[in-house]
Amino acid sequence: MFEHPLPLTIKPVKLARQEGKLTGFMPLKQLVNLAADCVSDEGRVEADLELRMERSRPELHGSANAAVKLVCQRCLEPVDVKVEVNIALGFVQTETQMAELPESLEPFVLEEEEIPLAELLEQELILALPIVAYHDACEPYPYEGKEEAEAAVADEKPNPFAVLEQLKGNLKKPD
Ligand SMILES: [Zn+2]
């Protein structure tokens, strides 16, 4: 497990010129869009990345993983899921650069000199999330029992329209 936090932002071109390395972790909370796809924003992302110039193109290579919680599709409780991705990105700034990018590299469109690292990691990790997640062993969620329980609760509640009528009556000003 990596003990050093990853930087919040990076300058890909500068880092690639320096043959920089990015090794560390980032709390899942910082990857807002990835966390939105999970049950909670507790968890962390780790990355081990290297940047370098290939001809005049900044590239990023390495791997990242995330430990997140998704909803188990069998019991509907949170299930721990580990996602791992290999990353091979080419930073591009123009359409020509995009067109020239080898197929082995995924494009990352660089609009600013400095970018949030979370944005880059999210782009990779969200695509790697499983469409459905399950515990290795768990009991199916008791749908029928739940519906009966909800129906029983609904019977006890006052009719919402009746409550509304009552409110309206209270709000009505005397003539
Ligand atoms: Zn389950």
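### Section: the overall build of the chain
On a plain count of helices and strands, the chain comes out with 6 helices and 7 strands. In the chain, the order of α-helices and β-strands from amino to carboxyl end is β-α-β-α-β-β-β-α-β-β-α-α-α. Considering only contacts within the chain whose residues lie at least 6 apart along the sequence, 57% involve residues at least 24 apart.

### Digging into the nonpolar core
Membership of the largest hydrophobic core comes to 27 residues, with the highest contact counts inside it found for Leu 28, Leu 31, Val 45, Ala 47 and Leu 121. When residues of this core are assigned to their parent elements, the largest contribution, 5 residues, is made by helix α4 (residues 117-128). If we ignore the near neighbours within four places in the chain, the residues touching Leu 28 are Leu 34, Ala 35, Asp 41, Glu 42, Gly 43, Arg 44, Val 45, Ala 66 and Val 68.

### Here we look at unusual backbone geometry
Of note, the phi angle at Glu 19 is positive, near 50°, even though the residue is not glycine. Its place among the elements puts Glu 19 in the loop between α1 (12-17) and β2 (21-27).

### As for the sheet that holds strand β5 (residues 78-92)
Spatial ordering of the open sheet is given by β2-β3-β4-β5-β6, a layout of 5 strands whose pairing is mixed. Each edge of the open sheet carries a strand with a single partner, namely β2 and β6 (106-109). Averaged over all adjacent pairs, the angle separating strand axes in this sheet is 35°, with direction ignored. Where β2 and strand β3 (residues 44-54) come together, 7 bridges link them in antiparallel fashion.

### A short note on the environment of Arg 17
In this structure, Arg 17 sits in helix α1. Accessibility expressed as a C-beta count within 10 Å gives 13 for Arg 17, which makes it partly exposed. Put simply, Arg 17 and Pro 58 are 41 residues apart on the chain and 7.7 Å apart in space, counted from C-alpha to C-alpha.

### Some thoughts on the confidence of the model for the chain
On average, residues of the chain score 88 in pLDDT, and 82% of them reach the 70 mark or higher. Here helix α5 (residues 143-156) is the element of the chain with the lowest mean pLDDT, 63, and α1 is the one with the highest, 97.

### Re the pairing of strand β4 (residues 57-71)
With 11 bridges connecting them, β3 and β4 associate as antiparallel partners. For Asp 48, the partnering residue across the bridge sits in β4 and is Ser 63. Both β4 and β5 contribute to a ladder of 13 bridges, which runs antiparallel. Note that in β5 the partner of Glu 59 across the bridge is Gly 90. In sequence, β4 turns back onto β5 through a hairpin of 6 residues, with Leu 76 there showing a positive phi of about 65°.

### Description of α4
Relative to the 16 Å expected for 12 residues at 1.5 Å per residue, α4 spans 17 Å between its end C-alpha atoms, a close match to the ideal helical length. All of the buried residues in α4 are Leu 117, Ala 118, Leu 120, Leu 121, Glu 122, Glu 124 and Leu 125.

### What to know about the environment of Glu 3
In this structure, Glu 3 sits in the segment before β1 (9-10). Owing to 7 C-beta atoms within 10 Å, Glu 3 belongs among the exposed residues under this scheme. Counting along the chain gives 43 residues from Glu 3 to Glu 46, while the straight-line C-alpha distance between them is 9.6 Å.

### Re the environment of Val 39
Mapped onto the fold, Val 39 is located in the loop between α2 (32-36) and β3. By the C-beta count within 10 Å, which is 18 here, Val 39 ends up partly exposed. In the structure, Val 39 is positioned 30 residues away from Lys 69 in sequence and 5.5 Å away in space, judged by C-alpha atoms. When neighbours within four sequence positions are excluded, Val 39 is seen to be in contact with Lys 69, Leu 70, Val 71 and Pro 78.

Rules and cut-offs
- Residues numbered from 1 in each chain as written.
- Predicted model: local features only at pLDDT ≥ 70, side-chain atom pairs only at ≥ 80, totals over all residues.
- Helix = DSSP H or I, 4+ residues; strand = E, 2+ residues; numbered from the N terminus.
- Contact = placed C-beta atoms within 7 Å.
- Core = buried A, V, L, I, M, F, W, Y, C linked by C-beta atoms within 7 Å.
- Buried ≥ 20, exposed ≤ 12 C-beta atoms within 10 Å, placed from the backbone.
- Pairing = 2+ DSSP bridges.
- Axes fitted to C-alpha atoms, helices over the stretch in contact; angles between N-to-C directions.
- pLDDT = per-residue confidence, 0-100.
- Expected span 1.5 Å × (residues − 1).

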